[in-house]
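# Descriptive structure summary
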Amino acid sequence: MNNILTIIRKEFARFFRDKRLVLGTLILPGVLIFLLYTLMGSVFFDSEESYTVKVIHSSPEFTALFTPEEGEKSQIVFEEASAADADSIKEEIRAGNVDALVVLPENFGDILAGGFVPAPMAPNIEIWFDSAHTSSVSAYSLLSSVLDAVEDTLGSLYNINVTAGGNLSTAQEATANYYATLLPFLILTFLYSGCMGVAPESIAGEKERGTIATLLVTPIRRSQLVIGKIVSLSCISALSAISSFIGTFLSMPKLMGGGIGDMLASYSVGSYFALFGVMLSAVLLIVSLISILSALAKSVKEATTFSVPLMIVVMLVGLSSMMFTTSSLGACFIPVFNCVQVMAAIFSLKFSAVNFAVTMVANAVYIVLLVWILTKMFESERVVFGK
Amino acid sequence: MQEIIRAENVRKVFRLSAKQRKLEHSTTGKKVALDGLSFTAYEGEIYGLLGPNGAGKTTMLRILSTLIRADGGDAYVAGKSVTREPEAVRASIGFLTSELKLEDFFTPAYLFEFFGRLHGLSAEQIAARKGELFPRFGIDSFAEVKVGDLSTGMKQKVSLVISIIHDPAVIIFDEPTNGLDVLTARVVTDFLRELKGQGKSIIVSTHIFSLVEKLCDRVGIIIGGKMAAEGTLAEVTGGEDLEEVFFEIYKKAVGEV
């Protein structure tokens, strides 16, 4: 036990006394994710953005369709134009100075008032845009969606959800479902990249530099060395993942337009404990797997190369919750996949204690098995001295 | 005389990779590193394993230090079997080789404490050993400098004191003066004599004849993984020059040099 603590203390000293490692593994991931997501959010969800649209044969009935609700800013600035300018306006659209050109039928107001006209005789509304410009595309979708919606309500066979009807899901459930698909993937990715940052260096690096043999001639047991390494590497990987999380959570409101508070409040204390347990077993699994790959590798570079295919598998498994979820007990025996499924269940408020327990026990067995394999590897001269 | 190290018919075969097989012109894919090696070293003396590169010296010492396992036979260090009680063996030996490196990131002082703890020493014991060994090797002046910033000689001194931090009864040094400048090499050989004076048992491997002549009480000449000659220095040389005797033995064992 003492030896395990000695190894853990040394690994921590190695990590925390190295400013570059702390900066690169703990601080930068969070900061970079925050900056990246905030930037992405401000590009994708720029509510301030407004479009310039020229209208030929404009009518007050048309512009009235786009009147913003109280308290909101108008997204479209309409400018009247004459039919003679059509070609020059199209050039302006291509140049990016104007976002779209709408050519209305001359009697648009009458059409709105008159109601249904059978398809062949229905008048045409021209919307010209340029898909090379993002704002032009956005203007086009906004225009066409509003016009479509209006057209639907005018003398169709039936309307959907105009006078009544709607989404019965509570806002909480909707948020929960949204995060259920996204978070397991993010969590696994963050945990994996945290492990990638430290495990190859600590195992393959020590092997490459010949420092592991120095440890192996002390009376320490191989298993103590392995457990000490895995525990300390898991802690550091988890810290790195937490840094990435803080970055993600802080940038969520920008990225998704939702509040962090709403999301955090949707889950009970019990779910957080369960989540913590699943993440702990996931990080131990991943650290053990990367450690084994690192022990097989002859250098840090090789260990990193070996870890890439595993990363792709882990990320695909992480994505699985976006495509399907299963509550089958059999799935709980598949390592990593079981973590994703339990996390998805927790986030979508469908937590099953049985599945959670089976997952934890199954993963504990896998972790013990992996630690045993790594111990055997450290006893093998081909692994320790393999050049 | 009390036996301290006994190797009994130790065999070690390495599997060769395809590339090595070509280089060694081997068809079996195997290289016999130790071919039933036996020898005995006694308490309080310096035993020298002498042999050319590739003779199996390092392999034998690695088996003694339990870093690798023998395929056949067994070896005993202070009465403990290297195959059955590796932890007990490691606790009673100090093993030094240029292949055992120290982490560049840490200082000698930190590493001394770290390895002291791994050897089960208390904080007081570690401090006492440090007070003894650091001034003895002049490590005091660079105790807080990262190992990565030290010269080869300084690193070797740090490795040396760390290998004997637990005051082991048996000391195993693989090529102790290899790659060292004359000054540091002298420090190491002087220290080996000093350890012998303290009643420690020492086994060194080397291919340097003068080192054996200067230091060793008994010598074993290994050629091709077998013991070609063993005895006190006087018995092996019969009063002649060790180098000449070695080449005679080598010719007999292998043919032409």
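Computed from a predicted model, the values in this text were never measured in an experiment.

In this section: the state of the cysteines. Linking two cysteines covalently through their sulfur atoms gives a disulfide. For the structure on display, the rule yields zero disulfides over all chains. With no disulfide of its own, A:Cys195 has A:Cys235 as its nearest cysteine by sulfur position, at a separation of 11 Å.

The next thing to look at is the interface of chain A and chain B. Between chain A and chain B, the contact holds 27 residues from the first and 26 residues from the second. Summed over both partners, the interface of chain A with chain B buries about 2,700 Å², with 61% contributed by carbon and sulfur atoms. For chain A, the biggest contributors to the area lost against chain B are A:Val217, A:Pro219 and A:Glu381; these three give 24% of the whole. Counting across the interface, chain A meets chain B through three salt bridges. A salt bridge links A:Arg221 to B:Glu87; its shortest N-O distance comes to 3.6 Å. Counting across the chain A and chain B interface gives six residue pairs in polar contact (both at pLDDT 80 or more). Contributions of two or more residues to the side of chain A that touches chain B are made by α1 (2-16), α7 (171-209), α8 (211-216) and α15 (381-385) of chain A.

Right, let's talk about a nonpolar patch on the surface for a bit. All names here are of chain A. Judged by side-chain polarity, Phe16, Leu23, Ile27, Leu28, Val31, Leu32, Phe34, Leu35, Leu239, Ile242, Ile246 and Leu250 come together as a nonpolar surface patch covering roughly 1,000 Å² of accessible area. Residue assignment for the nonpolar patch shows that the elements contributing at least two residues are α2 (19-44) and α9 (222-256). Top contributing element to the nonpolar patch by residue count: α2, with seven residues. Tracing the sequence through the fold places leucine 35 in helix α2.

Before going further, it helps to spend a moment on a negative patch on the surface. All names here are of chain B. Together, Glu213, Glu240, Asp241, Glu243, Glu244 and Glu248 make up a negatively charged patch on the protein surface. The greatest single-element share of the negative patch, amounting to three residues, is contributed by helix α10 (residues 242-254). Relative to the helices and strands, glutamate 244 resides in helix α10.

This part takes up the packing of α1(A) against helix α4 (residues 108-118) of chain B. It is at 9 Å that the axes of α1(A) and α4(B) come closest, and there the two elements cross at 160°. It follows that α1(A) is roughly antiparallel to α4(B) by the angle criterion. The two elements α1(A) and α4(B) meet at a crossing, and its hand is left-handed. Residues A:Asn3, A:Thr6, A:Ile7, A:Arg9, A:Lys10 and A:Ala13 of α1(A) lie in contact with α4(B), whose contacting residues are B:Tyr110, B:Phe114, B:Arg117 and B:Leu118. For the contact of α1(A) with α4(B), a count of residues per class yields five nonpolar, two polar and three charged.

This next bit is on the sheet that holds strand β5 (residues 80-81) of chain B. Residue and element names in this part refer to chain B. Strand order across the open sheet formed by four strands is β2-β1-β4-β5, with antiparallel pairing between neighbours. Two strands close off the open sheet at either side, each with one partner strand: β2 (30-42) and β5. Sheet analysis places strand β1 (residues 3-15) next to strand β4 (residues 72-77), joined by five bridges and oriented antiparallel. Bridge pairing in β4 links isoleucine 5 to valine 77.

This paragraph deals with the domain arrangement of chain A. By the assigned domains, chain A splits into domain 1 (2-42 + 170-384) and domain 2 (51-155). Relative placement of domain 1 of chain A and domain 2 of chain A: their C-alpha centres are 51 Å apart.

Our next topic: the sheet that holds strand β8 (residues 201-206) of chain B. Residue and element names in this part refer to chain B. Overall, mixed pairing links the six strands, which are arranged β6-β7-β8-β3-β9-β10 in an open sheet. Taken across any chain shown, the strands that pair with only one partner, and hence form the sheet edges, are β6 (93-97) and β10 (226-232). Direction aside, the axes of adjacent strands within the sheet are offset by 15° on average. Inspection of the sheet shows strand β7 (residues 170-174) paired to β8 by five bridges, in the parallel sense. Paired with valine 170 across the two strands is serine 201, which belongs to β8. The strands that helix α7 (residues 182-197) touches are β3 (46-50), β7 and β8; relative to β8, the one it contacts most, it runs at about 150°.

Conventions and cut-offs
- Residues numbered from 1 in each chain as written.
- Chains lettered and ligands numbered in written order.
- Predicted model: local features only at pLDDT ≥ 70, side-chain atom pairs only at ≥ 80, totals over all residues.
- Heavy atoms only, no water.
- Disulfide = S-S within 2.5 Å.
- Contact = heavy atoms within 4.5 Å.
- Buried area = accessible area lost by both parts, 1.4 Å probe.
- Salt bridge = Lys/Arg side-chain N within 4 Å of Asp/Glu carboxyl O.
- Polar contact = N/O pair within 3.5 Å; in protein donor to acceptor, adjacent residues only side chain to side chain.
- Helix = DSSP H or I, 4+ residues; strand = E, 2+ residues; numbered from the N terminus.
- Patch = residues over 30% accessible without salt bridge, like charges linked within 9 Å, V, L, I, M, F, W, Y side chains within 5 Å.
- Areas by Shrake-Rupley, 256 points an atom, 1.4 Å probe, with all protein chains shown as cover.
- Lys, Arg positive; Asp, Glu negative; His and termini not counted.
- Charge placed at Lys NZ, Arg CZ, Asp CG, Glu CD.
- Axes fitted to C-alpha atoms, helices over the stretch in contact; angles between N-to-C directions.
- Parallel < 35°, antiparallel > 145°, perpendicular 65-115°, else oblique.
- Left-handed = near helix turned anticlockwise from the far one by under 90°.
- Nonpolar A, V, L, I, M, F, W, Y, C, P; charged D, E, K, R; others polar.
- Pairing = 2+ DSSP bridges.
- Domains from an automatic or database assignment.

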